[in-house]
Amino acid sequence: MSDYVKRRNGVPLGDSNSLRNMLSRSLGAGKFSIFWQYWNPIWGFYLGKYIFKPLKLILPQALSVIITFVVCGFIHDLAIMLLKREFTLLLTPWFLFMGTSLVLSDYARIDYSKYPWIVRAGINLIIISSCLLLAYQIRI
């Protein structure tokens, strides 16, 4: 995992520049799928190893990506449900929409890497925010 984090963040695990690098690289990504290669590399390592890779053995890659996002969202929701002691799903649909956005944007070959960092960050934040707004519309 240490090598994975260093490859994603450009600095070793626990380095004081780790958060800064993660935010800069993920927000400045020129594709939504690249955003997720840099966002939270420790969590991404485990999701990739225990969810995505096993799913990819039996399902198409696009479906494996979406299911991995749904599982990630549900784990986040589960933590909230345990703390609040009530059933609620917001992050599961949010992550479903983000996973679907990733797959669709890759399929459509949407690439904004030639724009300045601030524009790329804005586009990534708009995608994430739009998915959250959609999730709020169907909140359970």
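Everything numeric here is computed off the predicted structure, so don't read it as measured data.

**With respect to the packing of aromatic side chains**
- With the rule as written, the count across this model stands at 10 aromatic pairs.
- Ring centres 6.5 Å apart and planes at 50° place the aromatic pair Phe69 and Phe95 in the tilted group. In this pair, Phe69 sits in helix 5 (residues 61-84) while Phe95 sits in helix 6 (residues 91-107), placing the two residues 26 residues apart along the sequence. With respect to class, Phe69 is no different from Phe95; both count as buried.
- Taken together, Phe32, Phe35, Trp36, Trp39, Phe69, Trp94 and Phe95 form an aromatic cluster joined through their ring pairs.

**Here we look at the side chain of Thr68**
- Within the fold, Thr68 resides in helix 5.
- Excluding its chain neighbours within four sequence positions, the residues that come into contact with Thr68 are Leu47, Ile51, Phe52 and Leu55.

**Looking at the layout of surface pockets**
- Of the pockets and cavities examined, the largest pocket occupies roughly 930 Å³.
- Considering the residues around the largest pocket, the lining is formed by 35 residues, among which Trp36, Gln37, Gly44, Phe69 and Leu102 are closest to the centre.
- Contributing elements (two or more residues each) for the lining of the largest pocket: helix 1 (2-9), helix 2 (18-27), helix 3 (32-38), helix 4 (41-56), helix 5 and helix 6.
- By residue number, the principal contributor to the lining of the largest pocket is helix 4, which donates 10 residues.
- For the lining of the largest pocket, a count of residues per class yields 22 nonpolar, 8 polar and 5 charged.

**Some thoughts on a positive patch on the surface**
- Residues Arg7, Lys49, Lys53 and Lys56 make up a contiguous surface patch of positive charge.
- If one sorts the elements of the positive patch by residue count, helix 4 sits on top with 3 residues.
- Within the element layout of this structure, Lys56 appears in helix 4.
- For Lys56, a relative accessible area of 41% gives the class partly exposed.

What counts and what doesn't
- Residues numbered from 1 in each chain as written.
- Predicted model: local features only at pLDDT ≥ 70, side-chain atom pairs only at ≥ 80, totals over all residues.
- Heavy atoms only, no water.
- Phe/Tyr/Trp six-rings, centres within 6.5 Å; stacked < 30°, edge-to-face > 60°.
- Helix = DSSP H or I, 4+ residues; strand = E, 2+ residues; numbered from the N terminus.
- Buried < 20%, exposed > 50% of the residue type's maximum accessible area, 1.4 Å probe, protein only.
- Contact = heavy atoms within 4.5 Å.
- 1 Å grid on protein atoms, 1.4 Å probe; cavity = no way out; pocket = protein on both sides within 12 Å on 5 of 7 lines; lining within 4 Å.
- Points joined across faces, edges and corners; volume = space filled by probe spheres on them.
- Nonpolar A, V, L, I, M, F, W, Y, C, P; charged D, E, K, R; others polar.
- Patch = residues over 30% accessible without salt bridge, like charges linked within 9 Å, V, L, I, M, F, W, Y side chains within 5 Å.
- Areas by Shrake-Rupley, 256 points an atom, 1.4 Å probe, with all protein chains shown as cover.
- Salt bridge = Lys/Arg side-chain N within 4 Å of Asp/Glu carboxyl O.
- Lys, Arg positive; Asp, Glu negative; His and termini not counted.
- Charge placed at Lys NZ, Arg CZ, Asp CG, Glu CD.

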